[in-house]
Amino acid sequence: MAESESGADKSEEPTEKRLRESREKGQIARSRELNTLAVTLAGAGGLLASGGSLANALLEIMRGNFTLSREVIMDEHSMGLWLLASGQIALDALMPLFFALLIASIVGPIALGGWLFSAQAMAPKMSRMNPFAGLKRMFSAKALVELGKALGKFIVILAVALVVLSIERDDLLAIAHEPLESAILHASMVVGWSALWMACGLILIAAVDVPFQLWDNKQKLMMTKQEVRDEYKDSEGKPEVKQRIRQLQREMAERRMMQAVPQADVVITNPTHFAVALKYDPSKGSAPVLLAKGGDFTALKIREIAQEHQVMLLESPALARAVFYSTELDQEIPAGLYLAVAQVLAYVYQIRQYQAGKGKRPAPLPDLPIPSDLRRDE
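Just so it is clear, the model here is predicted, and its values are computed rather than measured.

Observations regarding the overall build of the protein
Turning to step 1, where the next piece is worked out: From N to C terminus, the protein includes 15 helices and four strands.
Turning to step 2, where the next piece is worked out: Counting all 378 residues of the protein, 32% fall into the buried class.
Turning to step 3, where the next piece is worked out: Counted over contacts in the protein with a minimum sequence separation of 6, partners at least 24 positions apart contribute 73%.
Turning to step 4, where the next piece is worked out: For the protein, the accessible surface area stands at approximately 24400 Å², while carbon and sulfur atoms represent 62% of it.

This is the structure in structure tokens:
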């Protein structure tokens, strides 16, 4: 099990944030053996595919440069032109092989870890110039693994090369007795197949190195329990900060709620434990809306503001509790309370008419009809 510098066990899987930051820093799994395998296979395949054209280009260069006339040899300007022409022939013949190697050098790294461009990984670091850190890396476990891989590659390639040489021995000896043109073509094919078989020998090395690099990169990204907790605090916020934010949000919501109390038509109370402020505006909705609600100290504050702004207070414990528990701020009351609230609003209207000298004093408010599913007992 991996350990951190502090000695704590890294037993936790890396988080998404840790994985994202590691990619930004260029810390992803890469296998040099896979890259080497891709390039050598592409080179060997390119030799086999373009071996004939390479041999013909070589023959053309040899014919042109070994059959020069005396005038051309003595003309220094002509020699430069012949050199350029030979270079053009060679470049045209080698271009498909170069293109295959370029594609392989790009596909190899992308095959493990995907495409990644990290400016942080390219930035210079003074720690890389520390000789003591360099010595530490030279004698680390990773350096020992790299040494083992190098020895393994040497042994595998040597074994494959010996097998290929023993198989191709007759062909190699036969080349010496062939005409020049056919010998060059024959040699290009032998070299291509030999390179291909030796490149295939690297498959074993890559098959061991790729899983190791994936495992090693994951071990580096493993986290301790404390690192997970610290990251959670950084991303989600510290508990005390979140608590303070929630407190400020509640205070802001309470201030907005208190500012809406003077607009209410009636405040229904418990009379001391609960208070709800209702507003009915036929032009905006079909049912009364809850402007404010609260219990205990908040209920007392609602009552005080209602008295200051001459909003009628009405005691109805059952209705106050039903509205308090069933309705959120700025929402319409449930349909089950329509009748009870309608009676309250009608009673408030009659009281105001009486106070204005335009009607008789209304009878006391009767028991309000509250459905059993909305009734809440203290």
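Quick word on the environment of Leu-68
Turning to step 1, where the next piece is worked out: Checked against the element boundaries, Leu-68 lands in the loop between helix H2 (32–66) and helix H3 (70–74).
Turning to step 2, where the next piece is worked out: Taking the C-alpha atoms as reference points, Leu-68 and Met-79, eleven residues apart in sequence, are found 9.7 Å from one another.
Turning to step 3, where the next piece is worked out: In contact with Leu-68, not counting residues within four places along its chain, are Ile-73, Met-79 and Trp-82.

Describing the packing of aromatic side chains
Turning to step 1, where the next piece is worked out: Using the criterion set out here, one finds four aromatic pairs in the structure.
Turning to step 2, where the next piece is worked out: With a centroid separation of 5.7 Å and an interplanar angle of 65 degrees, the aromatic rings of Phe-274 and Tyr-325 are classed as edge-to-face. Of the two residues, Phe-274 is situated in strand E2 (residues 274–279) and Tyr-325 in helix H14 (residues 317–326); the sequence distance between them amounts to 51 residues.
Turning to step 3, where the next piece is worked out: The class for Phe-274 is buried, based on a relative accessible area of 10%.
Turning to step 4, where the next piece is worked out: Look at Phe-324 and Tyr-325: their rings are 5.2 Å apart centre to centre, the planes differ by 85 degrees, and that puts the pair in the edge-to-face class.

Considerations on the pattern of salt bridges
Turning to step 1, where the next piece is worked out: Enumeration according to the criterion identifies two salt bridges in this entry.
Turning to step 2, where the next piece is worked out: A salt bridge links Lys-220 to Asp-216; the nearest nitrogen and oxygen atoms lie 3.4 Å apart. Of this pair, Lys-220 and Asp-216 both sit in helix H10 (residues 202–221), four residues apart, which is roughly one turn of the helix.
Turning to step 3, where the next piece is worked out: Classification of Lys-220 as partly exposed rests on a relative accessible area of 46%.

Structural notes on the UniProt feature "transmembrane region" (unreviewed entry) in the protein
Turning to step 1, where the next piece is worked out: Under the feature "transmembrane region" (unreviewed entry), the UniProt entry names residues 37–59, 106–123, 144–167 and 187–212.
Turning to step 2, where the next piece is worked out: Structurally, residues 37–59 is divided into 100% helix and 0% strand, and its ends, taken at the C-alpha atoms, are 31 Å apart.
Turning to step 3, where the next piece is worked out: Taken as a whole, residues 144–167 contains 100% helix and 0% strand, while its terminal C-alpha atoms sit 35 Å from one another.

Some points on the pairing of strand E4 (residues 312–315)
Within a regular beta strand, the side chains point alternately toward one face of the sheet and then the other, so they alternate between its two faces.
Turning to step 1, where the next piece is worked out: Residues Met-312 and Leu-314 of E4 are buried on one face, while the alternating residues Leu-313 and Glu-315, pointing to the opposite face, are not.
Turning to step 2, where the next piece is worked out: Judged from the four bridges that link them, strand E1 (residues 266–269) and E4 form a sheet pairing that is parallel. In the strand pairing of E4, Thr-269 is matched with Glu-315.

Quick look at helix H15 (residues 338–355)
Turning to step 1, where the next piece is worked out: Over its 18 residues, H15 extends 26 Å from the first C-alpha to the last, a length consistent with the 26 Å expected when each residue adds 1.5 Å.
Turning to step 2, where the next piece is worked out: For H15, the complete set of buried residues consists of Ala-340, Val-341, Val-344, Leu-345, Tyr-347, Val-348 and Ile-351. All buried residues of H15 fall inside an arc of 160 degrees around its axis, so they share one side. For H15, the exposed residues set more than 90 degrees away from the buried face come down to Leu-339 and Tyr-349.
Turning to step 3, where the next piece is worked out: Considering only its buried residues, H15 is in contact with E1, E2, E4 and H14.

With respect to the packing of H2 against helix H9 (residues 180–200)
Each pair of packed helices can be summarised by the angle the axes make with each other and by the distance between the axes.
Turning to step 1, where the next piece is worked out: Two elements in contact, H2 and H9, have axes whose closest approach is 8 Å; the angle formed by their N-to-C orientations is 170 degrees. As the angle between them shows, H2 and H9 are arranged roughly antiparallel.
Turning to step 2, where the next piece is worked out: By residue class, the composition of the contact of H2 with H9 is 19 nonpolar, six polar and two charged.

What to know about the sheet that holds E2
Turning to step 1, where the next piece is worked out: Taken in spatial order, the four strands line up as E3-E2-E1-E4 in an open sheet, and their pairing is mixed. Bordering the open sheet on either side are strand E3 (289–295) and E4, each of which pairs with just one other strand. The sheet shows a mean angle of 20 degrees between the axes of neighbouring strands, direction not considered.
Turning to step 2, where the next piece is worked out: Against the sheet, helix H13 (residues 297–308) makes contact with E1, E2, E3 and E4, and its axis sits at roughly 130 degrees relative to E3, the strand it touches most.
Turning to step 3, where the next piece is worked out: H15 rests against E1, E2 and E4 of the sheet, and its axis sits at about 130 degrees to E4.

Examining the environment of Ser-188
Turning to step 1, where the next piece is worked out: Here Ser-188 is to be found in helix H9.
Turning to step 2, where the next piece is worked out: Since its relative accessible area comes to 17%, Ser-188 is described here as buried.
Turning to step 3, where the next piece is worked out: Here the alpha-carbon distance between Ser-188 and Gly-52, two residues 136 residues apart in the chain, equals 7.3 Å.
Turning to step 4, where the next piece is worked out: Contact partners of Ser-188, with chain neighbours within four places excluded, come to Gly-51 and Ala-55.

Rules and cut-offs
- Residues numbered from 1 in each chain as written.
- Predicted model: local features only at pLDDT ≥ 70, side-chain atom pairs only at ≥ 80, totals over all residues.
- Heavy atoms only, no water.
- Helix = DSSP H or I, 4+ residues; strand = E, 2+ residues; numbered from the N terminus.
- Buried < 20%, exposed > 50% of the residue type's maximum accessible area, 1.4 Å probe, protein only.
- Contact = heavy atoms within 4.5 Å.
- Areas by Shrake-Rupley, 256 points an atom, 1.4 Å probe, with all protein chains shown as cover.
- Phe/Tyr/Trp six-rings, centres within 6.5 Å; stacked < 30°, edge-to-face > 60°.
- Salt bridge = Lys/Arg side-chain N within 4 Å of Asp/Glu carboxyl O.
- UniProt positions renumbered as here; feature names shortened; annotations may be inferred.
- Pairing = 2+ DSSP bridges.
- Expected span 1.5 Å × (residues − 1).
- Arc of directions from axis to C-beta.
- Axes fitted to C-alpha atoms, helices over the stretch in contact; angles between N-to-C directions.
- Parallel < 35°, antiparallel > 145°, perpendicular 65-115°, else oblique.
- Nonpolar A, V, L, I, M, F, W, Y, C, P; charged D, E, K, R; others polar.

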